[in-house]
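The chain contents come next:
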Amino acid sequence: MGGALVFWVGVITAAICVAMLFTFKNMSDPTLWRTCSILTLSCCYLMWAITYLAQLHPIIIPKRDNLRVDL
């Protein structure tokens, strides 16, 4: 479970976006529905991918301080 997961979820997201191009043909304003749906899905994917990768490879490595003082 590394960076490959982000790639495969991106491929699935792109496939759903392509499917949305053909889904909204019978709506009253298909361009608006299509644009909003694809933009929403793309933004959610980017937010998830950035958060996932930030937790996978943190910039700042946590330091452990010895909090217990031995008496």
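Residues numbered from 1 in each chain as written. Predicted model: local features only at pLDDT ≥ 70, side-chain atom pairs only at ≥ 80, totals over all residues. Heavy atoms only, no water.

Draft legend 1. Looking closely at the state of the cysteines. Using the criterion set out here, one finds zero disulfides in the structure. Unpaired in terms of disulfides, Cys-44 finds its nearest cysteine sulfur in Cys-43, a separation of 7.1 Å. (Disulfide = S-S within 2.5 Å.)

Draft legend 2. Representation of the packing of aromatic side chains in the model. Taken as a whole, this structure holds three aromatic pairs when the rule is applied. Ring geometry for Tyr-45 versus Trp-48: centroids 6.3 Å apart, planes at 35°, classification tilted. Here Trp-48 and Tyr-45 lie together in helix α2 (residues 30-56), a separation of three residues that amounts to about one turn. For Trp-48, a relative accessible area of 32% gives the class partly exposed. Taken together through their ring pairs, the aromatic side chains of Tyr-45, Trp-48 and Tyr-52 make up a single cluster. (Phe/Tyr/Trp six-rings, centres within 6.5 Å; stacked < 30°, edge-to-face > 60°. Helix = DSSP H or I, 4+ residues; strand = E, 2+ residues; numbered from the N terminus. Buried < 20%, exposed > 50% of the residue type's maximum accessible area, 1.4 Å probe, protein only.)

Draft legend 3. The arrangement of the side chain of Thr-13 in detail. Summarising the element assignment, Thr-13 is placed in helix α1 (residues 3-23). Reaching out from Thr-13, the side chain makes a polar contact with the backbone oxygen of Val-9 at a distance of 2.7 Å. If we ignore the near neighbours within four places in the chain, the residues touching Thr-13 are Leu-41 and Tyr-45. (Polar contact = N/O pair within 3.5 Å; in protein donor to acceptor, adjacent residues only side chain to side chain. Contact = heavy atoms within 4.5 Å.)

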